[in-house]
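Observations on the three-dimensional arrangement
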There are 2 protein chains.
Amino acid sequence: MSRPHPGLGSPPPLPPSGLRITPLGGLGEIGRNMTVFEHAGRLLIVDCGVLFPENDQPGIDLILPDFSSIVHRLDDVEAIVLTHAHEDHIGAVPYLLRERADIPLIGSRLTLALMVAKLAEHRLTPVTVEVVEGDRRPWGPFECEFFAVNHSIPDAMAVAIRTEAGLVLHTGDFKMDQLPLDGRLTDLGGFARLGVEGVDLLMSDSTNAEVPGFVTSEREIAPVLNGVFREARKRVIVACFASHVHRVQQVLDAAEAHGRSVALVGRSMLRNMGVARDLGLLRVPPGLIIDSRDIDALPDRNICLISTGSQGEPLSALSRMANRDHSIRINPGDTVVLASSLIPGNENAVFRVINGLTRIGARVVHKGVAMVHTSGHAPAGELLYVLNATRPSNVMPIHGEWRHLRAHGALAEATGLPPDRIVLAEDGMVIDLVDGLARITGAVPCGYVYVDGLAVGDVGESSLKDRRILGDEGFISITVVVDAASGKVVGGPELSARGFSDAMSNFDNARQVVEEALAEAMRGGMTDKSALGQLMRRTVGRWVNENYRRRPMILPVVVEV
Amino acid sequence: MSRPHPGLGSPPPLPPSGLRITPLGGLGEIGRNMTVFEHAGRLLIVDCGVLFPENDQPGIDLILPDFSSIVHRLDDVEAIVLTHAHEDHIGAVPYLLRERADIPLIGSRLTLALMVAKLAEHRLTPVTVEVVEGDRRPWGPFECEFFAVNHSIPDAMAVAIRTEAGLVLHTGDFKMDQLPLDGRLTDLGGFARLGVEGVDLLMSDSTNAEVPGFVTSEREIAPVLNGVFREARKRVIVACFASHVHRVQQVLDAAEAHGRSVALVGRSMLRNMGVARDLGLLRVPPGLIIDSRDIDALPDRNICLISTGSQGEPLSALSRMANRDHSIRINPGDTVVLASSLIPGNENAVFRVINGLTRIGARVVHKGVAMVHTSGHAPAGELLYVLNATRPSNVMPIHGEWRHLRAHGALAEATGLPPDRIVLAEDGMVIDLVDGLARITGAVPCGYVYVDGLAVGDVGESSLKDRRILGDEGFISITVVVDAASGKVVGGPELSARGFSDAMSNFDNARQVVEEALAEAMRGGMTDKSALGQLMRRTVGRWVNENYRRRPMILPVVVEV
């Protein structure tokens, strides 16, 4: 398999008949999926999503793809194709449209409806072009054909992109539930037709490439939910993702069957289900849904709540209920169902919620103990179907960390593809499809772009490094006042610390040590502000190390009067 | 089941015939296991371990049990019984011995050997009393009988404690592998004998109470390891816990069978395996183990490394190898086996290591894809055996979070125990066993005691709260100099920020806003230092919120000259 190497430079000029593919997100990570296609001087973008920060990116709200390699070429962009409406595929669109507002957004009905709702929150009104599976339309030199795929949100699509350079199939996120709730199957027949035509490059979802076998059908959750509802004597609270229309549908159906009214809790849940209902994608029996403020009027056995917060987000309704810090009270005997995956990194937060609910006396049903969740991504068995149906000349695994990409590469190799036709790439690498061969030819800048509050890119690696130190160790600031004329210290040193010690019993001693060091330096003629600052930093650092064996950030401040 | 309530006060005086049990750790959490038994004015402690911090306890090295309820009664302590040598059972002993150095430590041979090695690092030489299973000896009014149990470290024991109040069985951590590598079975027959005598209270390990069924035998890992070794063409690196003697034994055996020399990597691995070998618990064929500095002299196919770092610890050898930041290089084609559990909270760190190794081109085998690990704790099926063998009058689930304790309680109830005989308690609760009934009668102070660097208890909740804010948002400090006589500002304001913004392009504007606010306040006659500080904090806070929508810590410093 062709491997990246650290010495990649700028890519060479693209031959006129070539297609250039630059993933700006989603390769080497799960999230911020975005791929730029270039042909004949024009660009087509597929997806533009966000990545959620990990623990070593503290305080960050979102991470965007790095637009720097295309920001000077936005006029060349024909369109953005959105495969489906998950945040990791559409979440960064508002930030790209800030740079050029009229890039057409191409997508299915639900995808565009949720995208438009999101953009409205950013006070943006996009140019949109609705497409359905089977549509085949050109945007500049890119002819796009759309295929239905089944995923954990309705109305998802794969896109085939035809140019002079050949045919590329980008699956988006998909799985192949053979009994999907809405009957809308992943169009394997369409993929096979492309295979007959000749797929030059398959770009396929790798998220579950390490998982053997096949997905369990979404349908199989219904009997489990019904069992939970049948046994429940008091309230039932179901937490799931706010975009999982089919999961919510199954909870609505179970609630209706067991005589429970349903209240939706959480802003995104209310918004998304409103959209899905308006589009006819969520069937809501008349009178079933009530306002969550009215639940106390009904007996507990007639109540079902559907809530966000399945990942243990500390500010979510569910976390606050588990902490008894929410207007909706959870009581002994209530049943809480976490009908969702457990995203790696969220384990402790989710277990905290489960422990809180358990402590109160609620029964907690989660995927560890019952079949209340099934993944949205194709496992190895289904990926093999797609590889065999499309019989691609080249494969590039997308949407995954290295472990997923490599596992997907191994599957491609097992189907008989030569190793040199399997492209394992990561964000920022440039892959050129020329004369039927896909090759890594270079790289473009591709860092993390952090959103924190209102600012984009204002917090960078330097601030994050400081945050990690501050968060682990706290800081000590030390201030002196220097007379500008004489260079003498005329005030301070004042020591302040935060996050360092609750006691700070020892600080008079530190002040004395600094005073002595300063006095000695002044006797030696030191007057330079930055030299004084360095002396204070060094002196306090040594004192802290000797007394505490710690390394807080030390901030010397020298003020001239 | 009797539930804790928030209104618990100090417990009433203990009747002379009663036994008081105070768990100071391990109930409501996984870690820092410690239980204090009191009878006839004397105390017996079982285990004294540490808890490892979570993400919301940044910078903390270790968390200790809160000794405050016993620290004034250390002269009453007869002994500390150590069930086995894991950190969460022995790690806090050095800190308790700082308070009274001559408390006798009771344990098996390996437990004491590892304990003594640990205490030597703290420059402590303890009083120890070695016991073996079958021993029955009094310490003050507590007659202790020891039972072999099987766990993920050799030489673990359960302890039965007989007093006038009755018979209590404390299992320690255990499982019931029926084909243990060393043939040392958990003594279910002994437990049954206690059952005939009459167990008044069973305190039993709950860690795996949510897991149905039975453990897989440690022995079943050998064929999997042999398969991995058979297929490997280059180096094999196995990471596992440094105390898991039997796991290391199986790796040694596989390495020997496949003609590979073994190098141990990691300080604790070297130390523990040295101790185990000296005690005859680890069988090392002559010449098999070589120094890790000598591995380059042998062909890759003749090398096996056994390393720590299976939890993705950033400074461990394995993490550094994955980052190519270690003298031992991992190369394409090497095989890395993570022969360990994945402790919740460590997922992202472990996946980072797996992705790093995969990116290099190594094959990574972990418990997600092969049977290279089996748990050390009894699942539900085995807990039922112990409940049925001992037929206790009262049960208190120990060693677990709330979800585990409650699941264990449900198992006890399923065996026929009345709900009011199942005590679900958490750290700091006082349980009195009087006239054959175990009841929660009160609570003692029981907070987290943090070790950070050299200091114990110096960093508390207040510092941690500050660290969380600093780590998420950074800080801005703002300094002015005030003339003590006139109360006028004569220097500054100086603004400094860390972790707030890489750019800080806007800070001149902030300084100006503060200057204006100060000038206006002075015109109004404000001279009080703390009022000036508050004004600066408020002004900068408002400016940050308007411009950034963030909430950094703001530290005003007013220096008088």
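These numbers were taken from a predicted model, which means no experiment stands behind them.

Rules used throughout
- Residues numbered from 1 in each chain as written.
- Chains lettered and ligands numbered in written order.
- Predicted model: local features only at pLDDT ≥ 70, side-chain atom pairs only at ≥ 80, totals over all residues.
- Heavy atoms only, no water.
- Helix = DSSP H or I, 4+ residues; strand = E, 2+ residues; numbered from the N terminus.
- Expected span 1.5 Å × (residues − 1).
- Buried < 20%, exposed > 50% of the residue type's maximum accessible area, 1.4 Å probe, protein only.
- Arc of directions from axis to C-beta.
- Contact = heavy atoms within 4.5 Å.
- Axes fitted to C-alpha atoms, helices over the stretch in contact; angles between N-to-C directions.
- Parallel < 35°, antiparallel > 145°, perpendicular 65-115°, else oblique.
- Left-handed = near helix turned anticlockwise from the far one by under 90°.
- Nonpolar A, V, L, I, M, F, W, Y, C, P; charged D, E, K, R; others polar.
- Core = buried A, V, L, I, M, F, W, Y, C linked by side-chain atoms within 4.5 Å.
- pLDDT = per-residue confidence, 0-100.
- Pairing = 2+ DSSP bridges.
- Phe/Tyr/Trp six-rings, centres within 6.5 Å; stacked < 30°, edge-to-face > 60°.
- Lys NZ or Arg CZ within 6 Å of the ring centre and 35° of its normal.
- Least-squares fit on C-alpha atoms with pLDDT ≥ 70 in both.
- Polar contact = N/O pair within 3.5 Å; in protein donor to acceptor, adjacent residues only side chain to side chain.
- Disulfide = S-S within 2.5 Å.

Attention shifts here to helix 14 (residues 529–548) of chain A. Between its terminal C-alpha atoms helix 14 of chain A stretches 28 Å, which fits the 28 Å expected from 20 residues at 1.5 Å a residue. Considered for burial, the residues of helix 14 of chain A that qualify are Leu532(A), Gly533(A), Leu535(A), Met536(A), Thr539(A), Val540(A), Trp543(A), Val544(A) and Tyr548(A). Burial along helix 14 of chain A is one-sided: seen end-on, the buried residues are contained in an arc of 160 degrees. As for helix 14 of chain A, its buried residues are in contact with strand 24 (475–482), helix 13 (507–523) and strand 26 (553–560) of chain A together with strand 22 (449–452) and strand 23 (455–456) of chain B. Among the residues trailing helix 14 of chain A, Arg549(A) stands out with phi positive, at a value near 50 degrees.

To continue, consider the packing of helix 5 (residues 221–231) of chain B against helix 6 (residues 245–257) of chain B. Residues and elements named next belong to chain B. As a packed pair, helix 5 and helix 6 sit with axes 9 Å apart at the nearest point and diverge in direction by 40 degrees. Accordingly, the angle class assigned to the pair helix 5 and helix 6 is oblique. Relative to helix 6, helix 5 is oriented so that their crossing is right-handed. Contacts between helix 5 and helix 6 involve Ile221, Ala222, Leu225, Asn226 and Phe229 on the former and, on the latter, Arg247, Gln250, Val251, Ala254, Ala255 and Ala257. Taken together, the residues that form the contact of helix 5 with helix 6 break down as eight nonpolar, two polar and one charged.

Formed by 60 residues in total, the largest nonpolar core has its most connected members in Phe37(A), Phe146(A), Met396(A) and Ile431(A). Residue contributions to this core peak at six residues, all from strand 10 (residues 156–163) of chain A. Formed by 59 residues, the second largest nonpolar core is a distinct cluster that contains Cys144(B), Ile422(B), Ile431(B) and Leu433(B).

Before going further, it helps to examine the packing of helix 13 of chain A against helix 14 of chain A. All names here are of chain A. Where helix 13 meets helix 14, the closest approach of the two axes is 10 Å, and the angle between their N-to-C directions is 140 degrees. In terms of orientation, helix 13 and helix 14 fall into the oblique class. Classified by chirality, the crossing of helix 14 by helix 13 is right-handed. Between helix 13, through Phe507, Asn509, Ala510, Val513, Val514, Ala517, Leu518, Ala521 and Met522, and helix 14, the contact on the second element is made entirely by Leu532, Leu535, Met536, Thr539, Val540 and Trp543. Grouping the amino acids of the contact of helix 13 with helix 14 by side-chain chemistry returns 13 nonpolar, two polar and no charged.

Once that is clear, we can look at the confidence of the model for chain A. Residue and element names in this part refer to chain A. Looking at chain A as a whole, the pLDDT averages 95, with 99% of positions reaching at least 70. Under a pLDDT of 50 for its full length, residues 1–5 has, in the predicted model, 19 contacts with residues more than four places off or in other chains. Scored by ipTM, the complex comes to 0.90, with pTM at 0.92.

Residue and element names in this part refer to chain B. Strand order in the open sheet formed by six strands is 15-14-16-13-17-18, with parallel pairing between adjacent strands. For this open sheet the edge positions go to strand 15 (289–290) and strand 18 (363–366), each flanked by a neighbour on one side alone. Contacting strand 13 (236–239), strand 14 (261–265), strand 15 and strand 16 (303–307), helix 6 crosses the sheet at an angle of about 175 degrees to strand 16. Running at roughly 150 degrees to strand 18, helix 9 (residues 347–360) makes contact with strand 17 (335–338) and strand 18 of the sheet.

The relative placement of two aromatic rings is captured by the distance of their centres and the angle of their planes. Per the counting criterion, the structure on display carries 17 aromatic pairs over all chains. Seen from their ring centres, Trp139(A) and Phe146(A) are 6.3 Å apart, and the 80 degrees between their planes marks the pair as edge-to-face. Between Phe500(B) and Phe507(B), the ring centres sit 6.2 Å apart and the planes meet at 55 degrees, which makes this aromatic pair tilted. The burial state of Phe500(B) is the same as that of Phe507(B); both residues are buried. Taken together, the aromatic side chains of Phe500(A), Phe507(A), Trp543(A) and Tyr548(A) make up a single cluster linked through ring pairs. Above the plane of the ring of Phe500(A) lies Arg550(A), whose end atom (NZ or CZ) is 5.0 Å from the centre.

Let us now look at the sheet that holds strand 6 (residues 105–107) of chain A. Residue and element names in this part refer to chain A. Strand order in the open sheet formed by eight strands is 7-6-5-3-2-1-20-21, and the pairing between neighbours is mixed. Only two strands of the sheet have a single partner each, and these edge strands are strand 7 (128–130) and strand 21 (437–443). Within this sheet the neighbouring strands show an average axis-to-axis angle of 25 degrees, counted without direction. Summarising the sheet, strand 5 (residues 77–81) and strand 6 pair through two bridges and their orientation is parallel. Considered in strand 6, the bridge of Val81 is made with Ile106. Against the sheet, helix 3 (residues 109–121) engages strand 6 and strand 7, with an angle of about 140 degrees to strand 6.

Moving on: the relation of the copies chain B and chain A. Of the transformation superimposing chain B on chain A, the axial component is 0.0 Å and the angular component is 180 degrees, with the fit at an RMSD of 0.1 Å. Both copies of the chain, as the preceding transformation shows, are related through a two-fold rotation axis. When C-alpha positions in chain B are compared against the rotation axis, the closest is assigned to Gly471(B), at 1.8 Å. Interface overlap between copies: 99% of the residues of chain B at the interface are likewise at the interface in chain A, consistent with a symmetric, same-surface contact.

Residues and elements named next belong to chain A. Here His326 lies in the loop between helix 8 (317–322) and strand 17 (335–338). Exposure remark for His326: the relative accessible area of 16% places this residue in the buried category. At 2.9 Å, the side chain of His326 and the backbone nitrogen of Ile328 are in polar contact. The residues touching His326, leaving out its near neighbours within four places in the chain, are Ala317, Arg320 and Met321.

Let us look at the state of the cysteines. Two cysteines whose sulfur atoms are joined by a covalent bond form what is called a disulfide. Per the stated rule, a full pass over the model turns up zero disulfides over all chains. The thiol of Cys144(A) is unpaired, and the distance to the nearest cysteine sulfur, on Cys48(A), comes to 16 Å.

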